[in-house]
Each structure stands twice: as structure tokens, then as C-alpha cells.
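Descriptive analysis of the structure
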Amino acid sequence: MLNLESVGMERGLLYETVVTTRNEDGTPNAAPMGVICKSENEVVLYLHQGSQTVRNIKLEEKFVVNITKDPMIFVESTLGNPSEESFEHFNNEFYLKGTDAFLYVEVTRLRDVEREDQFGVSTTTVINAEVKEIIKKKEHVEPLNRAIYGVIEGLVYLTRMDMVSGDMEKLYRHRMKEISRIVNKVGSVEHKKAMKKISEAFSKYE
């Protein structure tokens, strides 16, 4: 039975992954994407309309979610596209050779909605997809969730507050607000508890 817990994904959490799709000309495409674990065999993506990934998913209605902690894979797929030698075939789709694990998924629901966030109003493509295959390339798989890094970053700023003043102090306050927002958006209950404790300790400097 397919279960996303087998690759460390918890229901309700958002993970930073790299999604690979097939272009119309048959070449591979890769892009960093946040993927929400909806259930033991379902994921949800919120994608900005107009990207190559969205066009490919709308056309093919299937894609691959690569779980990796390799920084260069994220950099290369953000700044351009990894070389074709970086990809392997699976079920007529592509996955990245350096990935720790990958999910082969098929779209079950796709809709375009208007959403408002800190950047303004934009059209977002919401994709629900069922996981059809889970392939582990490494024994230990740990998907990236930004919340733990936010907690660590928050602790760094907290422990340095006694050493800063003026513009640097203002910068730390601004960053703490953003960190708290991210942790509360993508983190688990434990992440949120940890961030709340940090924020309470930070409040003595206000």
C-alpha cells in the first residue's frame, strides 16, 4: 500500500521539492515547487499560472515529485534547467538522477483560482494529484520543510538581540516577523509551538 510516510512526509505539511515534467517537444523540465502532503497517497500543489511546469501538467496531467536535499539541484532548476544528462526516464516521464526519492503522480483535479497574498492578487493553479508510485533511491529519505530552518534562524536572531541596535535591530525585528509567518504557514504543531516560545522570548526586546 502506498504511504507518503515511507518517505518522511506528514499529512498537512508543505515540503520543498523539485517537480519534473515533460515538455511538448519531449524534453525534460525541472522546477522547485512546494508540495503539500494531503493524505497518505495524495499531494496538492499551488502553482503560479503561466509557468512551464503548469503548462506541462495541464497538457499531460501527470508529473514527478523529486525529494532531495541537494542544493545544486534546487539552484540549477531555479536559474535554468539541469542538463538532460541529469534526468532518467520513468513511465514516460522524467526524474532527477540525484534525487533521494521520487513520486510518480497523476492529476485528479485541476482548477485556476484567484488568490491574494503579500504580493497582491494573482491567478493560482491548484492541483490535486494521486501518488501512483513511490520510488526510494536512498535508504534514508528526509524531505525539506522550511519550518525547522526558520526555528533555527529565529533562535540565532534571538541570541544576538543583546548585541545589536539601531538599523540592525530593526532588521532583526523585520526578519523575525517573516520567519514567524513562514513557520506558522508550513510547519507542524511542534514547529509552531517552538516558534511561539521564541516569539515570546523575543517580545521582551520590544
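Everything that follows concerns the structure shown earlier in this document.
The structure contained in this document is the topic of the report that follows. (Residues numbered from 1 in each chain as written. Predicted model: local features only at pLDDT ≥ 70, side-chain atom pairs only at ≥ 80, totals over all residues. Heavy atoms only, no water.)

**With respect to the pattern of salt bridges**
Worth spelling out the cut-off: Every case where a carboxyl oxygen of Asp or Glu lies within 4 Å of a side-chain nitrogen of Lys or Arg is listed as a salt bridge. The helix count covers DSSP runs of H or I at least four residues long, the strand count covers runs of E at least two residues long, and both are numbered beginning at the N terminus. Burial here depends on accessible area, computed with a 1.4 Å probe over protein chains only, as a share of the maximum for the residue type. Under 20% is buried, over 50% is exposed, and the range in between is partly exposed.
Inspection of the entire model under this criterion finds eight salt bridges. For the salt bridge of Glu169 with Arg173, the shortest nitrogen-to-oxygen distance reads 2.5 Å. One end of the pair is Glu169 and the other is Arg173, both in helix H4 (residues 166-186) and four residues apart, which spans about a single turn. The exposure class of Glu169 is partly exposed, given its relative accessible area of 22%. Assessed through its relative accessible area of 21%, Arg173 is described here as partly exposed.

**Notes on H4**
Worth spelling out the cut-off: In this scheme, a helix's expected span is set at 1.5 Å multiplied by one less than its residue total. Working note: the arc is built from the helix axis to C-beta atom directions. Only heavy atoms matter for contacts: two residues are in contact if any of them lie within 4.5 Å across the pair.
In a regular helix each residue adds 1.5 Å, so 21 residues correspond to 30 Å; H4 covers 31 Å between its end C-alpha atoms and thus fits that length. Tyr172, Met176, Ile179, Ser180, Ile182, Val183 and Val186 are the residues of H4 that are buried. Along the axis of H4, the buried residues cluster in a sector spanning 165°; they form a single face. Exposed side chains of H4 directed beyond 90 degrees from the buried face belong to Asp167, Lys170, His174, Lys177 and Lys185. In this structure, the buried residues of H4 make contact with strand E1 (14-22), helix H3 (146-160) and helix H5 (189-202).

**Concerning the environment of Val164**
Tracing the backbone through its elements, the reader meets Val164 in the loop between H3 and H4. Those residues in contact with Val164 that lie beyond four places of it in its chain are Glu169 and Tyr172.

Keep in mind these values describe shape, not function.
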